[in-house]
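# Geometric and topological summary
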Amino acid sequence: MAVELLLLLLLFGSTVSEVQPLHKPPPGSLDFGFVPVKTYDTNTYHEPGPIGILFRLVHAFLYLVQPNSFPQDLIQKLAQQTFGNVQGDYQKAIYYEIGFIVSAALGLLFVLLLPLVGLCFCMCRCCDNCGGEMHQRHKKNADCRRGCFATFLFVASLIISIGVLCAYAANQHLTSQVRGAKNLVHSNFKDLRIFLNDTPGQIDYLVSQYNTTKNKALSDLNNVGPLLGSRVQERFAKEVRPALDAALMMAGAIRETKEALENVSVSVEVLQEGTERLHANLTNVKIHLSNTLSDSACSAAQAASTCNIIRNSLNQLNINANFSGLPGVSTQLAKVNDVLKIDLSSLVQKGYAAFNDTPDLVLNQTRNILSDIKNLLDFIGSNITSFTEMLPVQKVLADLTIYLTQSEAYVQDYFPVVEQYDFYRWLGCLILCCMVILILVFYCLGLLCGTCGYDKHASPTTRGCISNTGGNFLMAGVGFSFLFSWVLMIIVVITFVTGGNVEKLVCEPYEDRTLFKVLDTPYLLNQHWRSYLSAVVLKNPDINLTFEKVYSDCKENKGIYTTLHLENLFNINEFLNISMYTEDVSLKIEHINVNLSNIVLLDEIGKRNLLDFSSSGIDGINFAAYLTEINKSVTKVDLLSFANDLEARADQLPKGALENALKGHANSIRMIHNQQVVPLEQAMSTLNQSIRLLQRTSSEFMIKVKNVISAVDAAQLLISNDASVVIIQETKKYMDMIIGYFEQYVEWVKESITMEVAACKPIANVVDTAVDIFLCSYVIDSVNTFWFGLGGCSIFLIPAVICAVKLSKYYRRMDTEDVYDDVETIPMKNMENGNNGYHKEHLYGIHNPVMTSSEEQW
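Just so we're clear, the structure is a prediction, and the values are computed from it rather than from any experiment.

## Let's talk about the packing of helix α16 (residues 465–511) against helix α26 (residues 761–811)
At a minimum axis distance of 6 Å, the contact between α16 and α26 shows a crossing angle of 155°. The orientation of α16 with respect to α26, classified from their angle, is roughly antiparallel. Taken as a pair, α16 and α26 cross one another with a handedness that is left-handed. When grouped by side-chain class, the residues that make up the contact of α16 with α26 number 30 nonpolar, 13 polar and four charged.

And the structure:
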């Protein structure tokens with residue numbers, strides 16, 4: 001059921017993912033947004049806390065016991081039931097398990113020998129041997145021996161305490177984690193439910209984003225004029241716009257030429273009239289000056305020389321430039337005016353307008369085809385929607401949701417049973433810890449009572465009650481050690497062999513994914529299937545679908561379509577082939593045919609107008625004659641300088657009528673200069689500019705007119721002859737742009753299905769939760785830490801037993817006692833004590849029947 005759901009959920013995705021791009025990606029990109037993805041709650045990272053130090057210590061111990069690498073070949077043979085067919089298989093298995101075998105053998109030896117040793121020890125003590133005789137010999141190092149035994153027992157008890165604490169901590173940790181596993185299981189079920197509920201919404205989002213592609217394509221189709229028409233226009237613009245710009249500039253040049261000719265005609269007329277009037281006025285000034293100089297006052301000796309100088313300078317008062325002989329430009333001006341009767345600028349603007357109307361022309365001529373393409377896009381969208389509605393996704397989802405709900409209910413129903421059995425386990429482990437704690441209590445009480453109640457001045461037979469009680473506690477601890485230690489070791493061996501091998505054969509290879517490589521061994525789980533997973537999911541055992549790759553992809557939260565290689569299951573192109581629709585769109589767009597023959601850049605009237613301007617005769621004007629007269633000054637002498645000089649010489653004459661008359665003539669000359677010469681100079685400046693403009697442009701007019709006409713004809717020819725080729729090329733680019741939107745949609749859907757749709761992270765989380773967290777982190781690490789602590793306790797019970805037995809001799813009250821070993825070196829002492837070595841009654845005040853009988857005999 002789960003496999004069928006996954007296949008159906010990704011059915012639409014396989015459609016688009018199998019479509020190969022037909023064109024290069026378009027320059028513009030579409031924004032499809034983000035596929036709605038919800039966050040999963042399960043966190044597969046487990047941090048054990050402070051007890052993690054013990055876990056790492058146990059891992060180091062297991063590595064010391066079993067440093068060999070994972071026996072992948074042996075596991076494969078075991079799974080294929082071919083283990084033992086080769087002679088060396090058992091040797092390899094023994095070599096791999098040698099650490100566990102040796103450790104387990106030592107544990108079993110401990111289990112067998114310790115009860116036997118305890119039994120023999122008890123029987124030996126019952127016969128007053130093995131320390132069972134209540135008699136103690138005094139030695140010089142008795143205090144040192146007692147202190148050493150007490151210290152060793154304390155250290156052993158301390159180590160046993162640490163071990164039992166580790167075991168108790170592991171026991172509590174396992175119980176707390178099992179109780180907390182309920183939330184982890186609930187989190188996994190919640191993620192699986194999110195996975196199921198979110199996938200249909202993701203598919204609906206993928207389907208809905210077709211509208212984004214469709215709307216963008218429709219927008220570009222509605223703007224076919226600005227898009228396709230502008231592209232066609234830009235292709236011709238490199239030739240058309242410069243030609244029209246040159247024609248427009250020529251129209252402006254014609255108007256400037258007319259203005260220049262008018263300025264020449266007016267300026268020449270002004271100069272001719274002005275020079276005639278100036279000549280008459282200067283003649284009158286000379287006559288009046290001559291009459292003044294003929295006065296008798298000029299005959300005087302003081303004025304004669306000055307008057308002669310003035311009289312000799314009168315010939316300078318005359319005009320210098322003669323404009324009456326210049327040829328007229330009325331003929332050229334009349335021809336230019338005839339040219340201007342036709343508005344060349346408006347003709348050029350019409351050409352501009354016709355060329356700029358290309359987008360509208362394209363839009364008007366493609367209305368019918370665009371309508372067909374829009375209908376085709378609507379048909380594609382309806383097919384996609386209807387196809388997705390045909391998929392029984394909701395039914396499969398509902399069935400799987402019911403199955404998931406039932407599974408969750410089953411887990412919730414049986415989880416209390418698990419907790420109950422875990423309580424029994426916890427209670428059993430607690431009892432084991434209590435066994436060790438009971439022994440520790442006896443040892444600690446024995447050490448406490450023995451140490452506190454010990455009196456070094458008291459003899460072994462006169463020791464106090466507290467000291468004697470301490471020794472009894474120690475012997476009680478020894479007895480319980482013999483009773484419990486073998487039971488503890490049996491538990492340690494069983495949990496050690498089980499937990500250690502699970503850690504080495506399951507947890508460690510799962511962490512480095514070696515376990516998946518074993519599962520991916522061809523023909524491992526089924527001798528007829530090369531790939532077990534692909535045979536189950538895809539019904540094809542020859543497809544390379546591995547557990548490791550599926551787990552890795554799910555761990556990276558990739559889409560389940562890519563993870564399970566579902567493209568090998570169905571050929572959805574039969575139901576929904578995007579390439580077929582793109583071909584239909586391409587055929588529709590290829591039928592676009594735009595006619596640009598109606599575009600006229602410059603008609604024959606405009607061209608003839610340019611030719612008439614070139615033959616207007618401007619180049620026939622005698623520019624040399626004009627420039628010759630223009631370069632001359634208006635008068636032969638500067639009238640202002642002449643007037644100033646005349647006034648200066650008048651000042652040299654004696655005061656009188658002659659002086660005043662000359663100054664009057666100087667003022668008259670200044671007035672003539674200001675009123676006549678200055679306007680003439682301005683007219684000459686205007687004439688100079690206009691003549692030079694005409695001279696500069698007249699030589700280029702013919703060439704420019706020919707170039708303009710040639711450029712316009714070339715652009716017009718390009719539009720007429722190459723328009724069909726350009727339109728085909730630009731239509732192809734326009735078609736690629738429209739088709740590119742669908743390709744972007746296909747690629748986006750493919751990427752989304754690969755990485756986002758039905759992301760299978762919950763599946764990897766379930767596996768991690770079951771194996772890595774629950775089995776390895778919760779159970780195995782706790783079990784291994786438990787046997788590690790309990791095993792340490794069991795081992796250190798042996799030195800504790802030895803030290804307790806030895807130490808109890810120094811705490812318990814004895815029935816008899818010995819003298820010191822060195823009394824034989826004192827003769828009088830020997831005589832007092834006799835040869836048997838027992839203390840005398842009168843010396844020590846101790847009633848001793850043996851001593852009494854000896855005295856009587858002696």
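## Focus on the state of the cysteines
A covalent bond between the sulfur atoms of two cysteines is referred to as a disulfide. The tally for this structure, following the rule as stated, stands at two disulfides. Each sulfur in the disulfide pair C507 and C776 lies 2.1 Å from the other. Disulfide C507-C776: the torsion about the S-S bond is -100°, which places it as left-handed. Within this pair, whereas C507 is found in helix α16, its partner C776 is found in helix α26, the two being separated by 269 residues in sequence. Bridging C554 to C760, the disulfide has an S-S length of 2.2 Å. Of note, the bridge from C554 to C760 carries an S-S torsion of about -110° and is left-handed in sense. Taken together, the residues C554 in helix α19 (residues 547–555) and C760 in the loop between α25 (657–755) and α26 connect sequence positions 206 residues apart.

## Notes on the packing of helix α3 (residues 52–65) against α26
At a minimum axis distance of 9 Å, the contact between α3 and α26 shows a crossing angle of 75°. Taken together, the axis directions place α3 and α26 in an arrangement best described as roughly perpendicular. Across the interface between the two elements, L54, F55, L57, V58, H59, F61 and L62 of α3 pack against S777, D781, S782, N784, T785, W787 and F788 of α26.

## Regarding the pattern of salt bridges
Applying the stated criterion to the full structure yields seven salt bridges. Linking E408 and R193 is a salt bridge whose minimum nitrogen-to-oxygen distance equals 2.5 Å. You can see E408 sitting in helix α15 (residues 393–453) and its partner R193 sitting in helix α7 (residues 142–208), a full 215 residues away along the chain. One salt bridge in this structure joins D553 and K549, with 2.7 Å as the shortest N-O distance. Highlighted residues: D553 and K549, both in helix α19, separated by four residues, approximately one helical turn.

About the criteria used
- Residues numbered from 1 in each chain as written.
- Predicted model: local features only at pLDDT ≥ 70, side-chain atom pairs only at ≥ 80, totals over all residues.
- Heavy atoms only, no water.
- Axes fitted to C-alpha atoms, helices over the stretch in contact; angles between N-to-C directions.
- Helix = DSSP H or I, 4+ residues; strand = E, 2+ residues; numbered from the N terminus.
- Parallel < 35°, antiparallel > 145°, perpendicular 65-115°, else oblique.
- Left-handed = near helix turned anticlockwise from the far one by under 90°.
- Nonpolar A, V, L, I, M, F, W, Y, C, P; charged D, E, K, R; others polar.
- Disulfide = S-S within 2.5 Å.
- Contact = heavy atoms within 4.5 Å.
- Salt bridge = Lys/Arg side-chain N within 4 Å of Asp/Glu carboxyl O.

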